[in-house]
Amino acid sequence: MVRLLSHNPLLRQRPVEGWILSKLIACDEAFPSTLRRYITASPLRAQLIALVLCELDLARPDLLASRLHSLSSLTGLAFTNPLAPIAYTILHRRVRDIVRHLYPTSEGLVGILSKIGDEPLSEENYRLMIELHTKPQHRARLSALRYMPRVPARAFAILMALEPPYVSMKLVKQLASVHQAKDFLCSIELIKRVVPTASDGVLIASLESMEAGSNLGSWVQRWLERASHLWVEPPSLNSAEFTLLANADAMRDAGRRFENCLETKVAFVALGRTLFVEYRPHPCIIELESLDSGWVFHAIHGKSNLPVSPSITRQVLKKLHSAGIRIPARHFRAAHYNRVARLASIYDFSRDDFGVIDEDDELADKLAFDASYAA
């Protein structure tokens with residue numbers, strides 16, 4: 001038999017492992033040759049066997065046997081073990097007849113079984129497949145599934161995770177997992193908040209126009225870079241002195257004038273993590289970070305990202321502090337000891353910038369704020 005199987009391409013052996021193995025062994029004990037027939041079955045028959053065995057509870061095999069009774073009783077054979085008629089039916093009855101008998105409302109299920117390849121899926125995926133084909137609320141998902149020339153195992157869970165109108169064959173191909181599907185829906189929510197003109201219709205048309213091989217993450221980033229609104233509450237700053245760079249156009253304009261990379265930071269502003277502010281009396285760009293409530297100063301930049309003088313920086317920090325912006329201790333009450341950190345090489349590369357307010361003797365005896373602020 002081994003020699004016959006190895007030399008006959010029509011009787012190609014498939015490995016048997018995982019959840020289906022124990023059920024096939026139990027059926028084989030009740031109806032000999034079940035396991036061998038599965039190993040050499042066509043891909044469609046093998047998928048049908050896996051689909052039916054997904055419904056089998058080894059502790060109560062009579063439940064599935066009763067559902068298949070009318071098909072197995074046509075043989076005229078007397079079965080004493082309830083696993084035997086199950087095994088006989090999945091091996092000898094037509095695939096289409098079994099599917100129609102078990103799932104009478106599942107139009108197109110046989111076609112999907114023929115598109116999922118040779119390897120068995122997880123039990124969860126088979127159950128999702130049945131649900132997609134038997135419940136009317138999944139018609140849009142099922143429609144997308146039917147147009148796929150080949151159905152990957154992940155498709156069923158991804159389709160369940162997606163919500164209309166964002167249910168399409170193109171997205172199923174783009175998304176690698178349920179987690180990515182949820183990430184995508186969260187991205188749609190954010191895009192619609194920061195780009196109010198991005199309706200579902202506009203976004204779907206944009207998705208459909210994506211070229212084959214395009215990256216979905218890049219598509220999301222391009223939309224975020226068109227942000228025209230903030231979704232977080234901005235700080236209340238004196239409009240005569242400060243200009244909020246609260247949309248993509250303002251950031252690109254400031255980026256050109258200050259010769260920096262502001263245009264590459266639009267997506268971070270759209271995410272609600274960062275905000276950039278222009279200080280007009282002495283032109284510079286202030287970077288703020290969003291907190292759970294309010295904002296905190298992060299950095300200050302001159303033209304071409306050159307340092308801003310300590311005197312201007314102190315002036316800006318005082319005004320920000322007065323407006324309720326939080327100031328990190330390294331720029332406030334602990335600023336005097338930045339010199340100690342520099343001498344001892346105690347440096348956090350992710351945030352420390354001793355040059356912000358510390359310059360030779362000018363600040364040696366001064367803190368970032370006047371004594372009244374320090375108090």
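Reference entry: report on the structure contained in this document.

### Comments concerning the pattern of salt bridges
Phase 1: Inspection of the entire model under this criterion finds 12 salt bridges.
Phase 2: Here Arg67 makes a salt bridge to Glu55, at a shortest N to O gap of 3.6 Å. Taken together, the positions of Arg67 in helix H5 (residues 61-67) and Glu55 in the loop between helix H4 (43-54) and H5 put the pair 12 residues apart, joining distant regions of the chain.
Phase 3: Judged by its relative accessible area of 28%, Glu55 falls in the partly exposed class.

### Regarding the packing of helix H2 (residues 19-30) against H4
Phase 1: For the pair H2 and H4, interaxial distance at closest approach is 10 Å and the crossing angle is 90 degrees. Here H2 lies roughly perpendicular to H4, going by the angle between them. For the pair H2 and H4, contact is made by Trp19, Ile20, Lys23, Leu24 and Cys27 and by Ile49, Ala50, Leu53 and Cys54, respectively.
Phase 2: Here the contact of H2 with H4 is composed, by residue class, of eight nonpolar, no polar and one charged.

### Structural notes on the nonpolar core
Phase 1: Counting 93 residues, the largest nonpolar core has Met129, Leu145, Phe156, Phe184 and Trp219 as the members making the most contacts within it.
Phase 2: Among the elements that make up this core, the one with the highest residue count is H4 (eight residues).
Phase 3: When neighbours within four sequence positions are excluded, Trp219 is seen to be in contact with Phe184, Ile188, Ile191, Leu203, Ser206, Leu207 and Met210.
Phase 4: Ranked by size, the runner-up nonpolar core spans 20 residues in total, among them Val232, Leu237, Leu275 and Ile312.

### Topic: unusual backbone geometry
Phase 1: The omega torsion of the bond from Pro164 to Pro165 falls at 5 degrees, within 30 degrees of zero and hence cis.
Phase 2: Relative to the helices and strands, Pro165 resides in the loop between helix H12 (155-161) and helix H13 (169-174).
Phase 3: Despite not being glycine, Ser33 has its phi angle at roughly 90 degrees, a positive value.
Phase 4: Position of Ser33 among the secondary structure elements: in the loop between H2 and helix H3 (34-40).
Phase 5: Exposure remark for Ser33: the relative accessible area of 24% places this residue in the partly exposed category.
Phase 6: For Asn305, which is not glycine, the phi torsion reads 60 degrees and is therefore positive.
Phase 7: Residue position: Asn305 is located in the loop between strand S4 (295-301) and helix H19 (310-322).
Phase 8: Taking relative accessible area as the criterion, Asn305 reaches 41% and is therefore assigned partly exposed.

### Some details on the sheet that holds S4
Phase 1: With antiparallel pairing, the four strands of this open sheet are ordered in space as S1-S2-S3-S4. At either margin of the open sheet sits one strand with a lone partner, and together these are strand S1 (242-245) and S4. On average, each strand axis in the sheet is inclined to that of its neighbour by 30 degrees, with strand direction left out of account.
Phase 2: Here strand S3 (residues 284-290) pairs with S4 via six bridges, running antiparallel. Across the sheet, the residue bridging to Ser290 is Trp295, located in S4.

Cut-offs and rules
Residues numbered from 1 in each chain as written. Predicted model: local features only at pLDDT ≥ 70, side-chain atom pairs only at ≥ 80, totals over all residues. Heavy atoms only, no water. Salt bridge = Lys/Arg side-chain N within 4 Å of Asp/Glu carboxyl O. Helix = DSSP H or I, 4+ residues; strand = E, 2+ residues; numbered from the N terminus. Buried < 20%, exposed > 50% of the residue type's maximum accessible area, 1.4 Å probe, protein only. Axes fitted to C-alpha atoms, helices over the stretch in contact; angles between N-to-C directions. Parallel < 35°, antiparallel > 145°, perpendicular 65-115°, else oblique. Contact = heavy atoms within 4.5 Å. Nonpolar A, V, L, I, M, F, W, Y, C, P; charged D, E, K, R; others polar. Core = buried A, V, L, I, M, F, W, Y, C linked by side-chain atoms within 4.5 Å. Pairing = 2+ DSSP bridges.

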